[in-house]
Amino acid sequence: QVQLVESGGGLVQAGGSLRLSCVASGSTFSTSLMAWYRQAPGKQRDFVARISSGSITNYADSVKGRFTISRDNAKNTVSLQMNSLNVEDTAVYYCRAFTRRGNEYWGQGTQVTVSS
């Protein structure tokens, strides 16, 4: 069983930055694919970014060049640096883990609100 705990959300003005973190429990972190998703009010949950166990990254087109995903296996942590935020980035951000055994886990989410 893996538990994911996100932090770092908050209220920021448009153009500002936030850094989200997700700490994972257990011993499978270093071999897991980690990802961030987000869900705006009334909308489906959408992919934001992912990072493989070998630190290969992929991003949604809407965040390319603004967001950076990274991982620290020593701290069981995956982070999302978000720059040049705009109001369309307002959402609950979720951390997701995919283990080598095929299990997946979600965090509880952290709210990001961008004001104009």
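It should be noted that the structure appears before, not after, this text.
From a predicted model like this one, the values you see are computed outputs, not experimental measurements.

Rules used in this analysis
- Residues numbered from 1 in each chain as written.
- Predicted model: local features only at pLDDT ≥ 70, side-chain atom pairs only at ≥ 80, totals over all residues.
- Heavy atoms only, no water.
- Salt bridge = Lys/Arg side-chain N within 4 Å of Asp/Glu carboxyl O.
- Helix = DSSP H or I, 4+ residues; strand = E, 2+ residues; numbered from the N terminus.
- Buried < 20%, exposed > 50% of the residue type's maximum accessible area, 1.4 Å probe, protein only.
- Core = buried A, V, L, I, M, F, W, Y, C linked by side-chain atoms within 4.5 Å.
- Contact = heavy atoms within 4.5 Å.
- Disulfide = S-S within 2.5 Å.
- Phe/Tyr/Trp six-rings, centres within 6.5 Å; stacked < 30°, edge-to-face > 60°.
- Lys NZ or Arg CZ within 6 Å of the ring centre and 35° of its normal.

**Student:** I'd like a rundown of the pattern of salt bridges, residues and numbers included.
**Tutor:** Counted by the stated rule, this structure contains four salt bridges. Among the salt bridges present, the one from D89 reaches R38, with a minimum N-O distance of 2.9 Å. Highlighted residues: D89 in the loop between β8 (77–82) and β9 (91–98) and R38 in strand β4 (residues 33–39), separated in sequence by 51 residues. Given a relative accessible area of 1%, D89 falls into the buried group. Residue classification places R38 among the buried residues on the basis of a relative accessible area of 13%. Note that R66 is salt-bridged to D89, the shortest N-O span being 2.8 Å. Of this pair, R66 sits in the loop between β6 (57–59) and β7 (67–72) while D89 sits in the loop between β8 and β9, placing them 23 residues apart in sequence. Neither residue differs from the other here; R66 and D89 are each classed as buried.

**Student:** An account of the nonpolar core is needed here, citing residue identities and associated values.
**Tutor:** The biggest cluster of nonpolar side chains holds 28 residues, and the ones touching the most others in it are L4, W36, V78, L80, M82 and Y93. Elements with a minimum of two residues in this core: β3 (18–24), β4, β5 (45–51), β7, β8, β9 and β11 (110–115). Once you skip the residues sitting within four places of it in the chain, L4 turns out to touch C22, V23, A24, M34, C95, R96, A97, Y105, W106, G107 and Q108.

**Student:** How would you sum up the state of the cysteines? Please name residues and give values.
**Tutor:** What makes a disulfide is a covalent bond joining the sulfur atoms belonging to two cysteines. This structure, assessed with the given rule, holds one disulfide. Two residues, C22 and C95, share a disulfide whose sulfurs are 2.2 Å apart. Across the disulfide from C22 to C95, rotation about the S-S bond amounts to roughly -80 degrees, and the bridge is consequently left-handed. Linking C22 in strand β3 with C95 in strand β9, this pair joins segments that are 73 residues apart in sequence.

**Student:** An account of the packing of aromatic side chains is needed here, citing residue identities and associated values.
**Tutor:** Summed over the entire model, instances satisfying the criterion amount to three aromatic pairs. Taken together, a centroid distance of 5.8 Å and an interplanar angle of 75 degrees make the contact between Y37 and F47 edge-to-face. Of this pair, Y37 sits in strand β4 while F47 sits in strand β5, and the two are 10 residues apart along the sequence. Ring plane angle 85 degrees and centroid distance 6.3 Å describe the contact between Y94 and W106, whose orientation is recorded as edge-to-face. Taken together, the positions of Y94 in strand β9 and W106 in strand β10 (residues 104–106) put the pair 12 residues apart, joining distant regions of the chain. A network of ring pairs unites the aromatic residues Y37, F47, Y94 and W106 as a single cluster. One cation-aromatic arrangement involves R45 over W106; the distance from NZ or CZ to the ring centre is 4.6 Å. Over the aromatic face of F29 sits the side chain of R71, whose NZ or CZ is 4.7 Å from the ring centroid.

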